[in-house]
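Survey of secondary and tertiary structure
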Amino acid sequence: MRIDLHTHSYRSDGTTSPREVVLAAGRAGLDVVALTDHDTASGWEEAAQTAYDIGVGLVRGIEISCRHRGRSVHLLAYLPDPSYPPLRNMLSGILDGRTQRLPAICAALRAEGIDIEEAEVKKQDAEATATGRPHVADVLIGKGVVDDRDEAFERYLAPGRPGYVSRYAPSLSEAMIVVREAGGVPVVAHPWGRGSEAILDEPTLGALAEEGLEGLEAHHQDHTPRQRQELVDIAARLGLIATGASDFHGAGKRDHELGCHTTAPDELERLLVTAEELAKASGRDTPRMLTS
Ligand code: AMP
Ligand code: ZN
Ligand code: FE
Ligand code: FE
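Everything in this summary refers to the structure shown in the same document. Remember, predicted model here, so these are calculated numbers, not experimental data. (Residues numbered from 1 in each chain as written. Chains lettered and ligands numbered in written order. Predicted model: local features only at pLDDT ≥ 70, side-chain atom pairs only at ≥ 80, totals over all residues. Heavy atoms only, no water.)

1. Overview of the site of ligand 1
Condition: Being near a molecule or strand, for a residue, means having at least one of its heavy atoms within 4 Å of it. Polar contact criterion, stated in full: a pair of N or O atoms within 3.5 Å, where within protein one must be able to donate a hydrogen and the other to accept it, and residues adjacent in sequence count only if both atoms are side-chain atoms. Accessibility throughout is a Shrake-Rupley quantity obtained with a 1.4 Å probe, and a residue counts as covered only by protein chains that appear here. Strands are runs of DSSP state E lasting at least 2 residues, helices are runs of H or I lasting at least 4, and numbering of each runs from the N terminus. Under the convention adopted here, Pro, Cys and the residues Ala, Val, Leu, Ile, Met, Phe, Trp and Tyr are nonpolar, Asp, Glu, Lys and Arg are charged, and Gly plus all remaining residues are polar.
Close contacts around ligand 1 come from 13 residues, with D13, R98, R101, R133 and K253 the closest. At 2.8 Å from an oxygen atom of ligand 1 is found a side-chain nitrogen or oxygen belonging to R167. When isolated, ligand 1 has an accessible area of 490 Å², and the protein chains bury 87% of it. Listing elements by their share of the shell around ligand 1, those giving two or more residues are α3 (85-111), α5 (133-142) and α6 (149-157). Looking at the shell around ligand 1 residue by residue, the classes come out as two nonpolar, three polar and eight charged.

This is how it looks when you write it as structure tokens:
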């Protein structure tokens, strides 16, 4: 069983349709894939139809943009009921924040001498529910200002760079509570990616586990092999599920090919049992994993 629990389509900042993500998962020999676009479930239906058509297992998820101690932290929510009003409100608050910061990002980039208009970004994100900095990066690539998304973040879009504009993000604790109430399973995405090791150390992860965190994404390209092993060990000590995934973004992210990291079948089983329990406790009409 090959299981990849974190991918993006063009509903957020991936570059292919939800259908194409699932088809590509089948071609990559995956038995189970999770579609986890940023802050939206708008790709679920199309992904589910495709998964049903070709017989690939599908876990429906959302990667929620949160904040913890002033830093951006991503929370994967697996199998929540997206119609639960507090979850819907939280996601629309994040999406509104995304839309509202766009003019400010464009103005900041113009101040750097780059000729960029909001309309160009809108064209770039035509299919997106969640517009992000990667869409701005793609416009900069198109103009020849940078070669790839990484360079765009490094020079302009990362915190502390001239084109960075912050936006609303719920606290990690707040998001975990709402996800659980929606019957979903909260798992921290790439906990130690991009220098987050200091803010999500073991005591902090332990405190989050007490608050209802259920898992850690240990196997991820943004972690070194040592970090992956250490996160697996921490998950074991804290009784958390340890997952692994590609964080596939189509052509938008290099070295994140489908299946480049995977989740062990036992860990998926634990996740599904937890989902079942949380769904029951919530009384919500949550999605199930679609099985092949
Ligand atoms: P946003 O949604 O605007 O907050 O942007 C977040 C997205 O940008 C995520 O998909 C990240 O993978 C990507 N991202 C964040 N920081 C960087 C970085 N330094 N280099 C490349 N991509 C990044
Ligand atoms: Zn992304
Ligand atoms: Fe992420
Ligand atoms: Fe992601």
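2. Considering the coordination of the iron ion (ligand 3)
To keep it simple, the criterion reads: Note that water is not among the atoms used; donors are N, O and S atoms within 2.8 Å of the metal (3.2 Å for Na, K and Ca), so sites may look incomplete.
Within the protein, E63 (OE), H74 (ND1) and H190 (NE2) serve as the donor atoms for the iron ion (ligand 3), at 2.1 to 2.2 Å. Taken in chain order, the donor set of the iron ion (ligand 3) reads E-x10-H-x115-H. A gap of 5.6 Å separates the iron ion (ligand 3) and the zinc ion (ligand 2). Remark: H190 occurs in the loop between β5 (185-188) and α8 (202-211) and E63 occurs in strand β3 (residues 57-68); sequence separation between them is 127 residues.

3. Notes on α5
Rules: Here the term buried applies to any residue with accessible area under 20% of the maximum for its type, exposed to any over 50%, and partly exposed to those in between, with areas from a 1.4 Å probe on protein chains only. The contact criterion used is simple: two residues touch if any of their non-hydrogen atoms lie within 4.5 Å.
Summarising burial for α5: eight of the ten residues are buried, a large majority. Taken as a whole, α5 has its buried residues at R133, P134, H135, V136, A137, D138, V139 and L140. Residues of α5 that are buried sit in contact with α3, α4 (118-124) and α6. At the exit of α5 stands G144, carrying a positive phi of roughly 80°.

4. What about the environment of T99?
With respect to the element layout, T99 can be found in helix α3. By relative accessible area, which is 45% here, T99 ends up partly exposed. Taking the C-alpha atoms as reference, T99 lies 22 Å from R155; in sequence the two are 56 residues apart. In this structure the side chain of T99 is engaged in a polar contact, spanning 2.9 Å, whose partner is the backbone oxygen of L95.

5. Considerations on the nonpolar core
Using the following cut-off: Among the buried residues, those of types Ala, Val, Leu, Ile, Met, Phe, Trp, Tyr and Cys that are joined through side-chain atoms within 4.5 Å form a nonpolar core.
I64, L75, L87, L200, L205, L213 and L216 are the most contacted members of the largest nonpolar core, which totals 32 residues. The set of elements that each furnish at least two residues to this core consists of β3, β4 (71-78), α3, α7 (172-181), α8, β6 (215-219) and α9 (225-238). If sequence neighbours within four positions are ignored, L213 has contacts with L75, M176, P186, V187, V188, L208 and L240. Membership of the second largest hydrophobic core comes to 18 residues, among which are L5, V32, L76 and L79.

6. Looking at the coordination of the iron ion (ligand 4)
Quick note on the threshold: Think of it this way: with four donors and all angles in the 85 to 135 degree range, the site is tetrahedral; with four or six donors, opposite ones beyond 155 degrees and the rest between 65 and 115, it is square planar or octahedral; otherwise it is irregular.
Taken together, the protein ligands of the iron ion (ligand 4) are H6 (NE2), H8 (NE2), E63 (OE) and D247 (OD), with distances of 2.0 to 2.2 Å. In this structure, the iron ion (ligand 4) is surrounded by four donor atoms whose angles at the metal cover 76 to 162°, and the resulting shape is irregular. The distance between the iron ion (ligand 4) and the zinc ion (ligand 2) comes to 4.3 Å. Of this pair, H8 sits in the loop between β1 (3-7) and α1 (18-27) while E63 sits in strand β3, and the two are 55 residues apart along the sequence. When its relative accessible area of 0% is taken as the criterion, H8 is described as buried. The exposure class of E63 is buried, given its relative accessible area of 0%.

7. Examining the sheet that holds β3
Applied cut-off: Here, a strand pair is defined by DSSP locating no fewer than two bridges between the strands. Between N-to-C directions, angles cover 0 to 180 degrees, with each direction set by a line fitted to C-alpha atoms, over the stretch in contact for helices.
The sheet built from seven strands is open, its strands ordered β1-β2-β3-β4-β5-β6-β7 with mixed pairing. Each end of this open sheet is capped by a strand with a single partner; those strands are β1 and β7 (241-244). On average, each strand axis in the sheet is inclined to that of its neighbour by 35°, with strand direction left out of account. In this sheet, β7 lies alongside β6 in parallel orientation, the contact comprising four bridges. Bridge pairing links E217 to T243 in β7.

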